[in-house]
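# A closer look at the structure
Each chain, letter by letter, is given below.
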Amino acid sequence: MAGAGTTQYPNLYMIIDGERVAAGDRRTFTVRNPATGDSLGELPLAGPEDLDRALDAAARGFRIWRDSTPQQRAAVLQGAARLMAERADDLARIATMEEGKTFAEARVEVMMNVGLFNFYAAECQRLYGRQLVRPAGQRSTVSYEPVGPVAAFAPWNFPIGNPGRKLGAPIAAGCSVILKSAEETPASALGVLQALLDAGLPKEVAQAVFGVPDEVSRHLLGSPVIRKLSFTGSTVVGKHLMKLASEDMKRTTMELGGHGPVLVFDDVDVDRVLDVMVAAKYRNAGQVCVSPTRFIVQEDVFDAFVSGFAERAKKVKVGDGLDPETKMGPMANSRRPDAMERLIGDARTRGGKLHAGGERIGNQGYFYAPSVLSEVPADAEIMNEEPFGPVAILNPFRSEEEMIAEANRLPYGLAAYAWTKDSRRQKVVAREIESGMVGINSVMIGGADSPFGGVKWSGHGHEDGPEGLMACLVLKAVHEG
Ligand code: NAD
């Protein structure tokens, strides 16, 4: 297990007003290792008094942090980035233990977070307002101010990256944050916050709570202290939270589900496309909101694409993410293999063909085999619901128009991909696909400097890039006579 080290899974707690809050007589949630199903620890769940304490700290933290200088914010973010880089192996090992992804993937996730914190350390020093032209004796200025305390809800699939996104931009903007990361992956989130606190973030500025999700969100979004909701997760939960936020007209950033279409035209080098896309498909066992999911393949290359995909899928080495030989770990929780069985079973009942996988692996943990389906009818559940798992759906299409219509058929629009050597087709695809992010002959669709977000049911607002910082700011125009 070279690189992964021997770090033990830590004790679990919440961080409220700088204090580590242990379970005591609180309710708890059992965190499990998805590779074995074994318990890793008991996580304390917040009650109303804990959440009120977090709100009180966040209100005080906002008053402190909105008055900090950009240099102070930058120093904290840079310091946390440096600490996370130093602690990368430990953080990655803990993320693998609680989420299941390979240690190599988890380490990349840590380093992406390091890059994001460094990006925001620089970006927050370039926040300029403007002065309007007015007659002598008058002055009008337009300036940016931090929106206020943020309630941020992060899911389990990127246990380091999601909390990093939820904390980085608000802290750069001068906001305070109450973070509720997923109960399944708490230690990673605590590791990110600890790096910020160790780098000098005032204890009032960021809190980490855990709880029964609906209780926590109703409590926090019901409070006038919170001025912004930031959520990453499923569209159905996102819609519910937006309704709660609308009661108090809180601002929202919503990073929701996707159903990534991949257009494969007949002019491509099929083997090259497969080498890239098969690896992308099974990254984090497909539990990625920008995962390539619906492969829309032009009919002349369809048969070669299906056989090449299945051949590669069968060779993916599945195992414990801490084993350096492993290319795909288990699914993150017991709900996901159940969902795979339901969706793949329904697709086959409706005539879809199975070319690889389609079954659980072993009798411990939450392993599911890399799966390939073809010729799945459009009314199958898996063609309409985000599978969020290690399954590729391959369907043949004749014309460019049909392919684009299929890509845009669903109400989702997060990530889309297209493969073609034809420059005209590249432009048509870039223009016509309804999606927040489009990769053409590439799966690299993000970066600290690039806005990450979707359209339609995939949400609104962005994270990362200057746009992620702007989403934590409000405008104020002051006119002096
Ligand atoms: P889910 O839809 O219940 O939960 C999704 C996330 O939202 C979890 O992190 C959960 O803790 C959180 N959540 C749920 N209810 C909440 C509430 N009332 N208030 C605040 N947070 C709440 O179910 P799940 O089984 O965890 O995931 C199922 C689906 O969610 C997946 O199939 C996928 O479509 C989607 N998902 C998307 C992302 C993403 O990156 N966009 C990440 C994880 C899950």
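Summary of the structure given here. (Residues numbered from 1 in each chain as written. Predicted model: local features only at pLDDT ≥ 70, side-chain atom pairs only at ≥ 80, totals over all residues. Heavy atoms only, no water.)

Taken as a whole and judged by the stated rule, the model has four cavities of 30 Å³ or more. Estimates place the volume of the largest cavity at around 110 Å³. Lining the largest cavity are 16 residues, and of these Arg165, Ala169, Pro170, Glu463 and Cys472 lie nearest its centre. Those elements that provide at least two residues to the lining of the largest cavity are helix H4 (103–123), helix H5 (161–173) and strand S10 (228–232). The biggest single contributor to the lining of the largest cavity is H5, with four residues. Considering only residue class, the lining of the largest cavity consists of seven nonpolar, four polar and five charged. Space inside the second largest cavity adds up to approximately 60 Å³. (1 Å grid on protein atoms, 1.4 Å probe; cavity = no way out; pocket = protein on both sides within 12 Å on 5 of 7 lines; lining within 4 Å. Points joined across faces, edges and corners; volume = space filled by probe spheres on them. Helix = DSSP H or I, 4+ residues; strand = E, 2+ residues; numbered from the N terminus. Nonpolar A, V, L, I, M, F, W, Y, C, P; charged D, E, K, R; others polar.)

Our next topic: the site of the ligand. In the vicinity of the ligand lie 24 residues, with Trp156, Ser217, Ser234, Arg335 and Glu386 positioned nearest. Contact between the ligand and Asn157: an oxygen atom at 3.3 Å from a side-chain N or O atom of the residue. Between Ser217 and the ligand, the recorded distance is 2.9 Å, taken from a side-chain N or O atom to a nitrogen atom. Surface burial for the ligand is 86%, taken as the share of its 790 Å² of free accessible area covered by protein chains. Elements supplying a minimum of two residues to the shell around the ligand: strand S7 (150–154), helix H7 (213–221), S10, helix H8 (235–246) and helix H11 (335–349). Broken down by class, the residue content of the shell around the ligand amounts to 12 nonpolar, six polar and six charged. Shared between two domains, the shell around the ligand holds at least three residues of each, these being domain 1 (14–256 + 458–480) and domain 2 (260–447). (Near = heavy atom within 4 Å. Polar contact = N/O pair within 3.5 Å; in protein donor to acceptor, adjacent residues only side chain to side chain. Areas by Shrake-Rupley, 256 points an atom, 1.4 Å probe, with all protein chains shown as cover. Domains from an automatic or database assignment.)

It is worth spelling out the packing of helix H3 (residues 88–99) against H4 at this point. Working note: a packed helix pair is described by the angle between its axes plus the distance between those axes. With their axes 8 Å apart at the nearest point, H3 and H4 run at an angle of 125° to one another. With respect to each other, H3 and H4 are oriented oblique. Judged by the sense of rotation from one axis to the other, the crossing of H3 with H4 is right-handed. When H3 is examined against H4, the residues Ala88, Asp89, Leu91, Ala92, Arg93, Ala95 and Thr96 are found in contact with a partner set consisting of Phe103, Ala106, Arg107, Val110 and Met111. Counted by class, the contact of H3 with H4 contains eight nonpolar, one polar and three charged residues. (Axes fitted to C-alpha atoms, helices over the stretch in contact; angles between N-to-C directions. Parallel < 35°, antiparallel > 145°, perpendicular 65-115°, else oblique. Left-handed = near helix turned anticlockwise from the far one by under 90°. Contact = heavy atoms within 4.5 Å.)

Our focus in this paragraph is the sheet that holds strand S5 (residues 130–132). Read across the sheet, three strands follow the order S5-S6-S22 without closing on themselves; strand pairing throughout is antiparallel. The strands lining the two open edges of the sheet, one partner per strand, are S5 and strand S22 (473–480). Each neighbouring strand pair of the sheet contributes to a mean axis angle of 25°, computed without reference to strand direction. Sheet topology note: the S5/strand S6 (residues 139–146) ladder contains three bridges and is antiparallel. Across the sheet, Leu132 pairs through a bridge with Ser140, a residue of S6. (Pairing = 2+ DSSP bridges.)

The next subject is the packing of H7 against H8. H8 packs onto H7 with a crossing angle of 25° between their chain directions and a minimal axis gap of 9 Å. Taken together, the axes of H7 and H8 are roughly parallel relative to one another. Here H7 runs over H8; the crossing is right-handed. Packed against H7, whose contacting residues are Asp214, Ser217, Arg218 and Leu221, the element H8 presents His240, Leu241, Leu244 and Ala245 at the interface. Its residues assigned to classes, the contact of H7 with H8 comprises four nonpolar, two polar and two charged.

The next point concerns the packing of aromatic side chains. Going through the model one piece at a time under the given rule, you end up with seven aromatic pairs. Taking the centre distance of 6.2 Å and the plane angle of 85° together, the rings of Tyr412 and Trp457 count as edge-to-face. Taken together, the residues Tyr412 in strand S17 (residues 412–413) and Trp457 in the loop between strand S20 (455–456) and strand S21 (459–460) connect sequence positions 45 residues apart. Residue Tyr412 is classed as buried on the basis of its relative accessible area, which comes to 15%. Every member of this aromatic cluster is reached through a ring pair, and the members are Tyr282, Phe295, Phe305 and Phe309. The ring of Trp457 carries Lys239 above its face, with NZ or CZ at 3.4 Å from the centroid. (Phe/Tyr/Trp six-rings, centres within 6.5 Å; stacked < 30°, edge-to-face > 60°. Buried < 20%, exposed > 50% of the residue type's maximum accessible area, 1.4 Å probe, protein only. Lys NZ or Arg CZ within 6 Å of the ring centre and 35° of its normal.)

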